[in-house]
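Chain residues, written in single-letter form:
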Amino acid sequence: MAAPESDRLRSPLVAEPAYSISISVAPSNEAKIDVHHHRPDAGEPKTTHPQPTLTVRSEEPPRQQQNQGTLARSDSTGERDRRFDQFKTLGGRLEQQLSSIRGGSQHPHPDPAAAGDDEASRDSEAETDDDSGKVPTADRYFAALEGPELETLRATEVPVLPEDETWPFLLRFPISAFGMCMGVSSQAMLYKTLELEPSTAFLRVSPGVNDVLWWVSAALMALVSFIYFLKVVFYFEAVRREFHHPIRVNFFFAPWIACLFLAKGLPEPVTSLHHAVWYQLMAPILFLDLKMYGQWMSGGEWRLSRVASPTTHLAVVGNFVGALLGARMGLREPALFFFAVGTVHYVVLFVTLYQRLPTNVPLPRDLHPVFFLFVATPSVASVAWARISGEFGLGARVAYYVALFLYASLVARVSFFFRGVSFSLAWWAYTFPVTSAAIATAVYASAMTSALTQALAVGLSAVASVTVAGVLATTVYRAFVRRDLFPNDVSIAIRRRPKAKFGKILKRIRTSSADLKELVVSRHSGGGSASETSSVSERATPMVYGRARAEP
Amino acid sequence: MAAPESDRLRSPLVAEPAYSISISVAPSNEAKIDVHHHRPDAGEPKTTHPQPTLTVRSEEPPRQQQNQGTLARSDSTGERDRRFDQFKTLGGRLEQQLSSIRGGSQHPHPDPAAAGDDEASRDSEAETDDDSGKVPTADRYFAALEGPELETLRATEVPVLPEDETWPFLLRFPISAFGMCMGVSSQAMLYKTLELEPSTAFLRVSPGVNDVLWWVSAALMALVSFIYFLKVVFYFEAVRREFHHPIRVNFFFAPWIACLFLAKGLPEPVTSLHHAVWYQLMAPILFLDLKMYGQWMSGGEWRLSRVASPTTHLAVVGNFVGALLGARMGLREPALFFFAVGTVHYVVLFVTLYQRLPTNVPLPRDLHPVFFLFVATPSVASVAWARISGEFGLGARVAYYVALFLYASLVARVSFFFRGVSFSLAWWAYTFPVTSAAIATAVYASAMTSALTQALAVGLSAVASVTVAGVLATTVYRAFVRRDLFPNDVSIAIRRRPKAKFGKILKRIRTSSADLKELVVSRHSGGGSASETSSVSERATPMVYGRARAEP
Amino acid sequence: MAAPESDRLRSPLVAEPAYSISISVAPSNEAKIDVHHHRPDAGEPKTTHPQPTLTVRSEEPPRQQQNQGTLARSDSTGERDRRFDQFKTLGGRLEQQLSSIRGGSQHPHPDPAAAGDDEASRDSEAETDDDSGKVPTADRYFAALEGPELETLRATEVPVLPEDETWPFLLRFPISAFGMCMGVSSQAMLYKTLELEPSTAFLRVSPGVNDVLWWVSAALMALVSFIYFLKVVFYFEAVRREFHHPIRVNFFFAPWIACLFLAKGLPEPVTSLHHAVWYQLMAPILFLDLKMYGQWMSGGEWRLSRVASPTTHLAVVGNFVGALLGARMGLREPALFFFAVGTVHYVVLFVTLYQRLPTNVPLPRDLHPVFFLFVATPSVASVAWARISGEFGLGARVAYYVALFLYASLVARVSFFFRGVSFSLAWWAYTFPVTSAAIATAVYASAMTSALTQALAVGLSAVASVTVAGVLATTVYRAFVRRDLFPNDVSIAIRRRPKAKFGKILKRIRTSSADLKELVVSRHSGGGSASETSSVSERATPMVYGRARAEP
C-alpha cells in the first residue's frame, strides 16, 4: 500500500496565481480537492468557502511504487539487455532463437529477471502498446514531444526506452546526421562556384580547395550512409519511427540532396556525368514527394496546416536542387518538371508558414537556425531557373531578391540569435542555406557585375564558410571532448499511448471533477495578465487543446 | 399523454464506455438523469455517488406520438399529394386556386386528411420554417448533411419531404446531371485533338468519331437543359436550394463549361464561330465568378476557409476553358482577362485545399473521384496559356508538369480507389479532368515530340476513354436496370431549423443539465485512445463544434 | 455604502430573447441570479422554476460609487489637467519638475485634488497598468476595440483618458491623417498621367491641373508632417500606441507612399530627380517591411493569420509604388528588388485575406471603403511591372485584369455601399486605389488602344476625381461645419489590462457560477435561428472566445 502522499498542483501558466488547488490523496485512496485563494493584500493564502471539496474514492492501489521497483531492478539484470529488442529488426528474435537452440530451452525468456524486466517496460495499460507493425500517430508525436525540432520529451511523458542510460549507438544515430554531408558538400559546391564564376574569378580560388572538400564530403557521406544502413538493418523499427516523426521525416530528403550536392560539386564539369546518375538520384526524391505531398493533400493527421514547419523546406528544396543539376547536365525538360513541382508546393508551404496558423507546430520565438531554411529555397530556385531559362532573367532575379530580403530579415533579428538554443546535428542542415545564398549571389554577380554585387558575393561566401567552420568546430567539440554529439534520441522512444507518471491518479480525479477543470480554465483566462491571456488563446486552439487533453 | 419511456443514451464515440448516462422521463414529465460507471473489473455497471441527479419538469406533453400518428396517416391520404407543394413555383398555389374555384370552396385545404398531412410536415416549431423566400443557411447544410458531396442526410435529421417514397422526377433531377454533358463533350474534344494534333496524327483517328460524339453530346445537352429548365419553372424553390448548397453550387458552372466544350469540340474549326457565341457563354461564367468570389471575399458563412472542397475547382476551371476557347477564336485580350481571374483564384483555392484547414469541409479519406478535379485546372490552364502566348513555352510547361505530378500523385494512391464509394451523377464531372490531361498531353507532345511523349498521349487518351466508357456503363446500368440513377435528392430537403426525432426531449434535458454535457465531453476526451483522440481533436474544431451544438 | 441596485443583463446577440438573466446585488453584497423565460405566446415573461438561483457573497464594497465620485470630481480639478501626462514624452515630468521647483515642494502631487484625480485613473487593480515603457498587447487591442478599423471602444471598456471631454488636439491627430496626402497627391499623379499618356492625349488636360494639385499636395504634406512631428515630440507614448495598433500600424507606410506619389506626380519628368531621393524614401519602407514581415513570420500575437485585414494592403503596396517610381527613374534592379519583395508578401496576404480565416480580424459585412484597397496593389503592380519589363506585356496585363475584376467585384456589391458606415480620415487612404486603377487603365489603354479602353480610362478617371471630391467635401464639412473631423482617438487610450465597469461583481459571480455561463452559451446556440447560429459559430472561434473571456 502506498504511503499517504500529498501533491499540490499549480497551473504552470499562472505566474502569480490568484488561487491554487490542492489535491490530497489519502491512504484510503480518497482524493480531496481544495481551492485556495491568494489575496495580494493578505499574506497567507486562505481557503474561500463555499468551494467544491470533492472526494474521490479509488479502489486500486497506485502503481507508482511498483514501477519504481521494476525500474530499480532493471539495472541489475544479468547477461544481456533486452529492453532494446522491441526496436530490433531480426536481431532480437533471431538471437533469442539462437540462444534457445543453444540452451535447449523453448522458453523465450530464460531468466526471470529478464522476464520481469520486460514486464517493467510494458505495464498493463501499455500491453497492446508497442506491438510490432504500429507506430505512434502524428498526434502522439505532437503530444509527447516539444521544441522546434520536436526533439525533447514533455515532462509528463515516460519513454519506452530507459532514459537514464546510454542507448546503443545505432539507436542514437539520427537521420539528421546527413545534415553534416549537406553542409560539407555545399562548401565544395561553393568553392567550385567561386573558382568558375566570372564575377569571383578575381579571387583566384585554387581548384584544390574544391578537390579536398569534395573528397572529404564523399568520405563523410560514405561513412554516414554506412552507419545509417546498419541502423536500417538492425533497428528498422527505430527508422520507421523516425519516418513517422513530423519533423524528422523531412530529413529523409537529406541523403539525396547531399548526393545531388556531391554531383554538382564534382571537381570535373557536371556535363561529364552520366544522365542515369541524375535519374537514380531523383527517383527517391520523386517517391518522397509523392508520399509527402499526398499526405498533405489527403489530410488527416498529416495535413499541412498541422505539420508545416521551417524544416518542411527540406521536403521542397530537393526538387530545386535536382532541377538545377538537371539543367546543367542538359536534361532541361525533366529539370523543368521538378522545378514546377517544387514551385507549386513551395508557394503552398510559404503561405502556410507565413500565415502561422494557430494549428501549426509552435515555432520558437527566438531566432533558431531552422529559420535559415527560409533562405534556401528561393536561392536555389533562382539559380535553377537561371539554368533552365538560359539567362539570369527577371524570374531568376525575382527569386534571388526574395532570398536576399529573407536573409536580411533574419539578420535583422540576429540579436535574438543563439539565445538558449541547444546544438544538434540538424544544425548542419540549417546552415546550407547560407552557402546556397552565397552561390546564388556569385551567379547573380556574374550576370549583374558591379563592385557592389561582387562585394556581396565575397561577403556572403565568407559568412558561409565561417558559419560552417563554426558548426564544424562545435560538432568536433561535442563529439570528441564532451562526447555528447549523439544523445539518446528520445523522439523515437515515445509510447503509442500516453503513460504519465501521475496519470492514473489524475485521471481518476478528473473523472469526478470535470467541472473543477472548467473552473480552472475560466478563472485563469478571466484574471490573467495580458501575456498570459495570449498564451491561453494560443492554447485554446482546438488542436492544441485536444493535445493537452490527450496528454496524461 | 405519453406513456413512460426510458432511453439510455450512450456517446457514440466511446467504443468501450467507462460510464453511461440514463435519462428517464416519467409520466409526470419529470426527467431523471443518472450516470452509471462501468468498471472493467466489475461485471455490473454501478452508479457512482455523488453524481448530479437532475430532475427536469416539462410542462408540455411530448409530441412524439402525435408525429408518428400523422406519419402513418400520410400514406393513406387521398386525391393529390400536397407535400411537394412547398417546392413548387406557381404550381402549388395555382392549382390550389384552380381547385378552389372548381369546388367553389375558399378553404385552401378542402379535406381534413390533407390538412392533417400538412400539419404533419410542419410541427409547431417548424411553422415559420419553410416559409417561402428563405433557404437554409450554409451552416444548416453542413450540420444536416454529410459525405464528400454533402449528399446524404445525417442520422439525426428529418427532411421536409417524405424519405420513404419516390419524389417527383423533376425534384430528383440534380444540377450535377450536367456532368454527363461535360463528360461526353470532353470526349468529342479529345478525339478532335487526337485527329488534328501532329503528335497523334499517326493514330489516323477518323473525323467521324468526333462527329458522332459531338452530336451525341449536343443531343444530351439539349435534353438535360430542357429537363432542368422544367425544374426551374416548376420547382424553383428546389433550384434555389441547390444554388445555396455549398457543394452543389459549383455545378452551376457545369452547363456553361459543357457548352464551351461543345463549342471547342465543334467538328469545324472554332475560328468559324461567331465571337458573340463566346461572349454569350462567358457572361454567365463572369456573373457566377463575381457572385462566388465575392462571397469568399466578403466572408460570413460562405467564406472560402469553410466551403473550399475539390468540387470548388469547377468554379475556377470555367475561366480557363473560356480563356482557351477565346484564344483559339482570336479573342486574345478577353481570354487573358479570364485567364488572370482564374489564375489568381486558383492559387487561393489550391493553397486552401492543400493546407486542409481544420474548418474545411471534411474530405473523404479514401481516394474519391472528386480528387481528380485537382488535375483539371492545371491541364486546361497549360493549354490555355500555350494558346494565349502562342507557344508551348516555359509557363505552359510548368502548368502541364504540375498537372502531370498531381495525376501521378492520385494514381499512386489508386489502391484506395472505389473503396465503398457510391456512384452518383457527379462522377461525370469528376472524370473530365482525365480527358483534359489527355488533351494537354497531346498538345504538349506536339511541342516536344518524342516517342515517350507520344506514348504518354496515347496512353492517357486510352485511360480517359476507358474511364468515360466505364462511367457510361454504370450510368446506363443504374438508369435502366437498377432504375436508381435519380434517387431522392435529400440534400435539398433539409429543414431550415433542425428538427431531430428526440429533439424536444433532448433540448429540455439539455436546458437544465448543460454541465452534464460538459462532463460527457471532457470525460470522453480524457480517457480515449490515440485514434479516438484524433477524432476528438477534429470534432473539437470550433466550426464543427458549433455545428454539433446546433444539430438537435 | 451603495444603494441596492438591480441590473438585468441581456445577451446582446439574441434579437428576441428566449429568456433573460437578472442579477440583483443586495446591500449586503449578496448577488442573486434569476433566469426569466420569455414565451412568445405569453405576454409577460415568467420565471421558470426550478432554475439555479445562485447567491454570491462579496466581502468588499463595490467600487462603483467611488469611481463615479472621482469621475465627477475630475471635472472640477483646478489649475492643469494632468490626466494626459501619461502620454506626454517629457512634458509631463518636465513640467512637474518645473512646477515643483517653482513651488519649492518635492512632492510630485502638490495638491490633493490632482492626487485624487490620478488615483481615479488608476484603481488598485490597474496600478501596474500604465507604467511607462509598456504598451497594450495585440490581444488587448482586439479585446478592447471593434469596428473595421478597430476604432471604437467596446461597451465594456473604460479608456485611460476621459471619454466625455475633448482631448488635446495632438492626441486626436491620428497617423491616418496622411491618407489625405495620399488621396490628393494621387490626383496630381492621375492628371499628369492623363496629360502625358497617348491614349488620353485627346482629352488635352492642361499641365496646370497637375501643377495646382501637386502644390496643394505638397503643402498639405508639409502641414500634416509638421503636426505629426509635434505629436512625436510631445506625445511619443501616443505615437507608440498607434504603432502597436494592429490596424493603425499599416498607416505608418502612408507618409512614405504619399512622398513617392509626390515624387511621381512632380510636374517635371521624374528622370530629373536625383537617385538619392528615391533611396531616402525607400529606406523607411524597407525598414518597416523588415519589421512587419518579420513579425508575421516569427508569429506570436502579431502573426498574419490574426492581424491580416484589407488595411494590411498598405504595408505591401509601398513596395510596388517604390518599384514603379524606381523603374521610371532608371533604377531597374533596386526596383525589381522591391517588386519581388512586394509580390511574395502580396501573394501571402491575398491568400490569407481571401480565405478569411476564422482567426482573422472580423471584417465588416457591408461594403466598407477599406475593401477598395484590394484594387490598389494589382493596379500599381501592373504599371510597375510594365515599367520594369519595358512593355505592357502578359505579366502586366494579368495584374491589370486582376485589378479590373476586383474593381468590378466591388462595384457589383455597391448596393451595400455606405450603409451605416461612419466617415473617418482613413477614407482618404481607401480612395487612392480608385485613382491607381484609373492610372493603370490609362497606361493600359496606351498599350492596347481602342475606343473601349479609352472610354474605360476616361470613365475610371472621372470616377476617381468624383470620389476624391466627395471625400474632400465631407472632410471640409466635418472639419469646419460639424467640427468633428478629429474625434477623441480612443483606440490609443485602451488600458493594458481590462477594467470593466461591473468587472469586479461579474468576476465574483462567474467564479461561483461558471456553469451558469455554460448554460447561457449552450442555450443560445441550441435554440437560435439560423443567422444567430452563424454568429455563434463565428464567436466560438478560439481566439474570439478567448477574448470574450478575457474581457471583464
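Residues numbered from 1 in each chain as written. Chains lettered and ligands numbered in written order. Predicted model: local features only at pLDDT ≥ 70, side-chain atom pairs only at ≥ 80, totals over all residues. Heavy atoms only, no water.

1. Some details on the nonpolar core
For the record, the criterion: By nonpolar core we mean a set of buried residues, namely Ala, Val, Leu, Ile, Met, Phe, Trp, Tyr and Cys, connected to one another through side-chain atoms within 4.5 Å. Each residue is placed in one exposure class: buried if its accessible area under a 1.4 Å probe, protein chains only, is under 20% of its type's maximum, exposed if it is over 50%, and partly exposed if it falls in between. When checking whether two residues touch, look at their non-hydrogen atoms; a contact exists if any pair is within 4.5 Å.
Within the largest apolar cluster, 420 residues are counted, with the highest numbers of intra-cluster contacts made by Met182(A), Met182(B) and Met182(C). Among all residues touching Met182(A), those that are not within four sequence positions of it are Ala254(A), Ile257(A), Ala258(A), Phe261(A), Leu314(A), Ala429(A) and Phe432(A).

2. A short note on the pattern of salt bridges
Residues and elements named next belong to chain A. Note the cut-off: A pairing counts as a salt bridge when a side-chain nitrogen of Lys or Arg comes within 4 Å of a carboxyl oxygen of Asp or Glu. Numbering of helices and strands runs from the N terminus, with a helix taken as a DSSP run of H or I at least four residues long and a strand as a DSSP run of E at least two residues long.
Evaluation of the coordinates by the stated rule reveals 24 salt bridges over all chains. When the shortest N-O distance is used, the salt bridge between arginine 240 and glutamate 237 registers 3.1 Å. Residue arginine 240 and its partner glutamate 237 are located together in helix 8 (residues 236-244), separated by three residues, close to a single helical turn. Accessibility expressed as a relative area gives 22% for arginine 240, which makes it partly exposed.

3. Describing the UniProt feature "transmembrane region" (unreviewed entry) in chain A
All names here are of chain A. This is how the line gets drawn: UniProt positions are given in the numbering used here, feature names are shortened, and annotations may be inferred rather than shown by experiment.
According to UniProt, the positions carrying the feature "transmembrane region" (unreviewed entry) are residues 212-235, 335-355, 367-386, 398-418, 425-445 and 451-477. Note that residues 212-235 is 96% helix and 0% strand, and that its end C-alpha atoms are spaced 34 Å apart. Measuring from the first to the last C-alpha atom of residues 425-445 gives 32 Å, for a span that is 90% helix and 0% strand.

4. Structural notes on the packing of aromatic side chains
To describe a pair of aromatic rings, you give the distance between the ring centres and the angle between the ring planes. Short version of the rule: Centre distance within 6.5 Å is the pairing criterion for rings of Phe, Tyr and Trp, where only the six-membered ring of Trp is used; planes under 30 degrees apart are then read as stacked, over 60 as edge-to-face, and the remainder as tilted.
Applying the stated rule across the entire model yields 93 aromatic pairs over all chains. Note on Trp296(B) and Tyr354(C): the rings are 6.5 Å apart at their centroids and 85° apart in plane angle, and the pair reads as edge-to-face. Pair noted here: Trp296(B) is in helix 10 (residues 275-298) and Tyr354(C) is in helix 13 (residues 332-355), and the two residues belong to different chains. Its relative accessible area of 1% is what places Trp296(B) among the buried residues. Between Phe350(C) and Phe374(C), the ring centres sit 6.3 Å apart and the planes meet at 80°, which makes this aromatic pair edge-to-face. Here Phe374(C) lies in helix 14 (residues 373-389) and Phe350(C) lies in helix 13, a separation of 24 residues in the sequence. Here the aromatic cluster, defined as three or more aromatic residues joined through ring pairs, consists of Tyr293(A), Trp296(A), Phe320(B), Phe339(B), Tyr346(B), Phe350(B), Tyr354(B), Phe371(B), Phe374(B), Trp385(B) and Phe405(B).

5. Points about unusual backbone geometry
It is generally the case that most residues other than glycine have a negative phi and that most peptide bonds are trans. All names here are of chain A. The phi dihedral of arginine 204 falls on the positive side, at around 50°, and the residue is not glycine. Of the residues examined, arginine 204 reaches a relative accessible area of 74% and is grouped as exposed. Although it is not a glycine, arginine 483 sits at a positive phi angle of roughly 55°. Looking at the secondary structure, you find arginine 483 in the loop between helix 17 (451-481) and helix 18 (503-512).

6. Structural notes on the environment of Arg204(A)
Considering the arrangement of structural elements, one finds Arg204(A) in the loop between helix 6 (178-196) and helix 7 (207-234). Placed 147 residues apart in sequence, Arg204(A) and Val351(A) show a C-alpha to C-alpha distance of 41 Å.

7. Some remarks on helix 17 (residues 451-481) of chain B
All names here are of chain B. Inclusion rule: By this rule, a helix spans an expected 1.5 Å times one less than how many residues it contains.
Over its 31 residues, helix 17 runs 43 Å from end to end, which matches the ideal 45 Å to within 8%, given 1.5 Å per residue. Within helix 17, burial applies to Thr453, Gln454, Ala457, Leu460, Ser461, Ala464, Ser465, Val468, Val471, Thr475 and Arg478. Arginine 483 lies just past helix 17 and shows a positive phi near 55°.

8. With respect to the packing of helix 16 (residues 427-447) of chain A against helix 17 of chain A
Residue and element names in this part refer to chain A. Our working rule: Helix axes are fitted only over the stretch in contact, all axes being lines through C-alpha atoms; the angle between N-to-C directions runs from 0 to 180 degrees. Orientation categories follow fixed angle ranges, with anything under 35 degrees roughly parallel, anything over 145 roughly antiparallel, 65 to 115 roughly perpendicular, and all other angles oblique. Crossing handedness is defined as follows: a turn of the near helix away from the far one that is anticlockwise and smaller than a right angle gives a left-handed crossing, while the clockwise case is right-handed. Residues are grouped as follows: Ala, Val, Leu, Ile, Met, Phe, Trp, Tyr, Cys and Pro are nonpolar; Asp, Glu, Lys and Arg are charged; every other residue, Gly included, is polar.
As a packed pair, helix 16 and helix 17 sit with axes 8 Å apart at the nearest point and diverge in direction by 160°. In terms of orientation, helix 16 and helix 17 fall into the roughly antiparallel class. Both helix 16 and helix 17 take part in a crossing whose hand is left-handed. A per-class count over the contact of helix 16 with helix 17 returns 16 nonpolar, eight polar and no charged.

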